[in-house]
Each structure stands twice: as C-alpha cells, then as structure tokens.
Amino acid sequence: MSFSELFLLIVRWSHLVSATAWLGGSLFYLLVLCPALRRAPDAARTINEAVAAEFRVIVETCMFVLLATGVILTFNRLTPGVVGVPYAATLTVKIVLAIWMFVLARGRRRQTALMRMYKDEPTPMPNSRMHRAIQAVSGYNLVVVLGVIVFLLSDALKVLFESALDSQ
Ligand code: HEM
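Computed from a predicted structure; not experimentally measured.

## Remarks on the overall build of the protein chain
Helix and strand counts for the protein chain come out as 5 helices and 0 strands. Counting from the amino terminus, helix and strand elements in the protein chain follow one another as α-α-α-α-α. Counting every position in the protein chain, which comprises 168 residues, the buried fraction comes to 10%. Across the protein chain, the fraction of contacts at a sequence separation of at least 24, relative to all contacts at a separation of at least 6, is 91%.

Structure follows, in structure tokens:
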C-alpha cells in the first residue's frame, strides 16, 4: 500500500467514524434518552443539560472532521475526471444537506445557551397538531432526518463512482 493510499484510507475512516458517531449519538438522544427523561421529569432538566454539554463537544469535533475529510474526499473523487454528471449532482445535494445539518447543529447550540438564560421559564406544551408537526421536523429531529438521507446519498456516491470506473 502506497503512502497516498494509506492517507486516503485514514481520511475515509475518519469521515465514516465521525458520521457514525454524530448520527448514532443523535438517534440515541432522540429515541432512547428523550423518552426515558420524559418518564422522570424531576431529574430531566439536570440530566438533559449535562448530556447536551457533553454531546456538544462530540458534535463539534465530528463537524470539523467531516468538513476537513469531506473536502479531501471530494478532491480525490473529482480530480481524476472519472465521474460524470450524476455523481456531481448527487454530491452537490449531499453537500447542501450536510451544510444544512451544520447550520442546524450550531443553531441548536445557541438555543441551548438561550434556554440556560431563561432557565425558569416554563416550556410551552405543544397544543395543536400543527405545532406537533412543526416540532417533529425541526431542531434535532431534522438533523437526524437529514443525516439518514446524507448516509443514503453517500452510499449512492460510492455506487456511482464504482459504475463510472467500470464503464471506463
Ligand atoms: C460538507 C461536508 C461533506 C462533504 C464535502 C462530504 C463528501 C464526501 C465524499 C466525496 C465522499 C466519498 C463518496 C464516494 O465514495 O464516492 C463521502 C463519503 C461519506 N460521507 Fe461525506 N461529506 C460531507 C459530510 C458528511 C456528513 C455530514 C455525513 C453524515 C452525517 C457524511 C457521511 C458520509 C459517509 C457515511 C460516507 C461513506 C464513507 C465510506 O464508505 O467510507 N458526510 N463524503
């Protein structure tokens, strides 16, 4: 294995581990921790704040690694001139969705800081179907939905790249 192959292997591995840590952690937060905390409302706020503080460090590290390694992977895929329009279009959609995830995650960080400022304000309960629907596709729920789509697009990119290589 040459040095450049080893370097690309490490870049790919870092990208995959960061993506898995971010999406896996977010799924655990939404599907396991949130329902569990709803059953223990007394301890919920303290635990939620402690978990959010720890998870924020992981998310920020993952975003940095994903961005840095994503740029390297993009150059690696585009420079040999093997890929066609379908690959470029899929990659563009993936990058737009990834940036949307980054913006939402950073917005969430500001939101947590604001929540800490207004700690004693009671959280309004969702009172209408519309409100519940908006909540379902906002904030961290949306980050998870986008993450799942980004994973699918990443697999599609792999398939498109391999078929472009085959047709060479
Ligand atoms: C601007 C940010 C990003 C860029 C530029 C980027 C770019 C890329 C590129 C070019 C590939 C290689 C695709 C191929 O095999 O041809 C890739 C793979 C991948 N990306 Fe990203 N990506 C970004 C963010 C993300 C995010 C946010 C996630 C998920 C949370 C993600 C998940 C993945 C996964 C799972 C793979 C497959 C890795 C493998 O099979 O080794 N990426 N990415």
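From this point, the discussion proceeds with the structure in view.
## Considerations on the site of the ligand
Looking at the ligand, there are 24 residues lining it, with A19, G70, L73, S154 and L157 nearest. When residues of the shell around the ligand are traced back to their parent elements, those giving at least two are α1 (3-38), α2 (41-78), α3 (85-117) and α5 (139-166). Here the residues of the shell around the ligand are counted per class, giving 16 nonpolar, 5 polar and 3 charged.

Calculation rules
- Residues numbered from 1 in each chain as written.
- Predicted model: local features only at pLDDT ≥ 70, side-chain atom pairs only at ≥ 80, totals over all residues.
- Helix = DSSP H or I, 4+ residues; strand = E, 2+ residues; numbered from the N terminus.
- Buried ≥ 20, exposed ≤ 12 C-beta atoms within 10 Å, placed from the backbone.
- Contact = placed C-beta atoms within 7 Å.
- Near = placed C-beta within 6 Å.
- Nonpolar A, V, L, I, M, F, W, Y, C, P; charged D, E, K, R; others polar.

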